[in-house]
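# Per-entry structural report
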Amino acid sequence: AAGVIQSPRHLIKEKRETATLKCYPIPRHDTVYWYQQGPGQDPQFLISFYEKMQSDKGSIPDRFSAQQFSDYHSELNMSSLELGDSALYFCASSYAGGNTIYFGEGSWLTVV
Amino acid sequence: GIQVEQSPPDLILQEGANSTLRCNFSDSVNNLQWFHQNPWGQLINLFYIPSGTKQNGRLSATTVATERYSLLYISSSQTTDSGVYFCAVGANDMRFGAGTRLTVKP
């Protein structure tokens with residue numbers, strides 16, 4: 001079965017640079033979520049979208065923005081990167097009528 | 001917000017042993033999931049279990065919603081069971097516990 005696809009899988013950026021992560025949800029899923037997992041931490045909710053509209057906002061820094069496009073894929077844009085942004089970023093998707101959230105394999109961001 | 005506490009934080013087992021992981025939550029929930037994060041970082045759904053009991057092979061889970069806890073049972077553990085087990089509650093803004101790090105030794 002198709003899963004949540006994230007790209008790139010690994011990314012190395014320098015401080016103050018910009019990074020963009022992409023997420024392709026499971027087909028027919030209408031809700032996308034972004035999570036950030038720092039080293040040794042549990043995943044923290046950043047933001048979610050339902051039918052291309054932002055639905056919930058968590059601990060997403062102002063330097064970050066995200067959107068969901070007409071084909072339901074989503075992008076997380078991170079600017080003015082800091083060392084502390086180094087983390088594993090997960091995208092997840094679900095169907096509004098369902099109850100299970102499925103996670104992608106994650107994108108490893110290293111800021112140097 | 002809702003608090004999620006998992007215990008124990010770390011668990012070391014010999015292959016073949018059984019274990020029970022616990023998740024306590026501070027408020028009523030209508031969505032609770034158990035995940036396994038493998039050593040490569042992948043988060044894998046184990047159970048969606050806001051209440052009741054489910055079994056899948058060597059794994060089973062029970063949630064007692066009225067008492068605000070959930071248990072994950074792993075029987076006949078294997079080295080591939082190693083990793084971190086997370087309990088997470090909520091819907092759109094799912095909140096994770098700190099996880100239980102399981103190490104299964106051959």
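Everything quoted here is computed from the prediction, not taken from an experiment. (Residues numbered from 1 in each chain as written. Chains lettered and ligands numbered in written order. Predicted model: local features only at pLDDT ≥ 70, side-chain atom pairs only at ≥ 80, totals over all residues. Heavy atoms only, no water.)

## Here we look at the overall build of chain B
The condition is simple: Numbering goes from the N terminus for both helices and strands, where a helix is a DSSP run of H or I of at least four residues and a strand is a run of E of at least two. Each radius of gyration is computed over the set of C-alpha atoms, and the globule rule expresses the reference value as 2.2 Å times the number of residues to the power 0.38. Here's how the labels work: a residue is buried when its accessible area is under 20% of the maximum for its type, exposed when over 50%, partly exposed in between, all with a 1.4 Å probe on protein chains only. Here a residue-residue contact requires only that any non-hydrogen atoms of the pair lie within 4.5 Å.
Regarding its fold elements, chain B presents zero helices and eleven strands. Ordered by position in the sequence, the α and β elements of chain B form the string β-β-β-β-β-β-β-β-β-β-β. The C-alpha radius of gyration of chain B comes to 13 Å, within 12% of the 13 Å expected for a compact globule of 106 residues. For chain B, the C-alpha atoms occupy an extent of roughly 40 × 25 × 20 Å along the three principal directions. Each of the 106 residues in chain B was classed as buried or not, and the buried ones make up 48%. Put simply, of all contacts in chain B between residues at least 6 apart along the chain, 53% involve residues at least 24 apart.

## Digging into the pairing of strand E6 (residues 52-56) of chain B
Residue and element names in this part refer to chain B. Put simply, the rule is: We treat two strands as partners when DSSP finds at least two bridges between them.
Of all five residues making up E6, only zero are buried, and the element is barely covered by its neighbours. Across five bridges, E6 lies against strand E7 (residues 59-64) in antiparallel orientation. Bridge pairing links Asn56 to Leu59 in E7. With antiparallel pairing between neighbouring strands as the criterion, E6 and E7 make up a hairpin whose turn holds two residues, including Gly57 at a positive phi of roughly 65°.

## A word on the pattern of salt bridges
Pairing is possible between side chains of opposite charge, provided their charged atoms come close. Residues and elements named next belong to chain A. Note the following rule: The salt bridge criterion pairs a side-chain nitrogen of Lys or Arg with a carboxyl oxygen of Asp or Glu, the two atoms within 4 Å.
One pass over the full model with this rule turns up six salt bridges over all chains. Residue Lys22 is joined to Glu75 by a salt bridge in which the shortest nitrogen-to-oxygen separation is 4.0 Å. With Lys22 in strand E3 (residues 19-24) and Glu75 in strand E8 (residues 74-78), the pair connects residues that are 53 residues apart, well separated along the chain. What makes Glu75 buried here is its relative accessible area of 14%. Across the salt bridge formed by Arg63 and Glu82, the nearest N and O atoms sit 3.4 Å from each other. Of this pair, Arg63 sits in the loop between strand E6 (53-57) and strand E7 (64-68) while Glu82 sits in the loop between E8 and strand E9 (87-94), and the two are 19 residues apart along the sequence.

## Structural notes on the sheet that holds E3(A)
Backbone-to-backbone hydrogen bonds join strands into a sheet, with any given pair of strands oriented parallel or antiparallel. All names here are of chain A. The criterion, for reference: Axes, fitted as lines to C-alpha atoms, cover a helix only where it is in contact. Angles between the N-to-C directions of the axes lie from 0 to 180 degrees.
Spatially, E1-E3-E8-E7 is the arrangement adopted by the four strands of the open sheet, whose pairing is antiparallel. In this open sheet, the two edge strands, each paired with only one partner strand, are strand E1 (5-7) and E7. Direction aside, neighbouring strands of the sheet carry axes that sit 15° apart on average. Where E1 and E3 come together, three bridges link them in antiparallel fashion.

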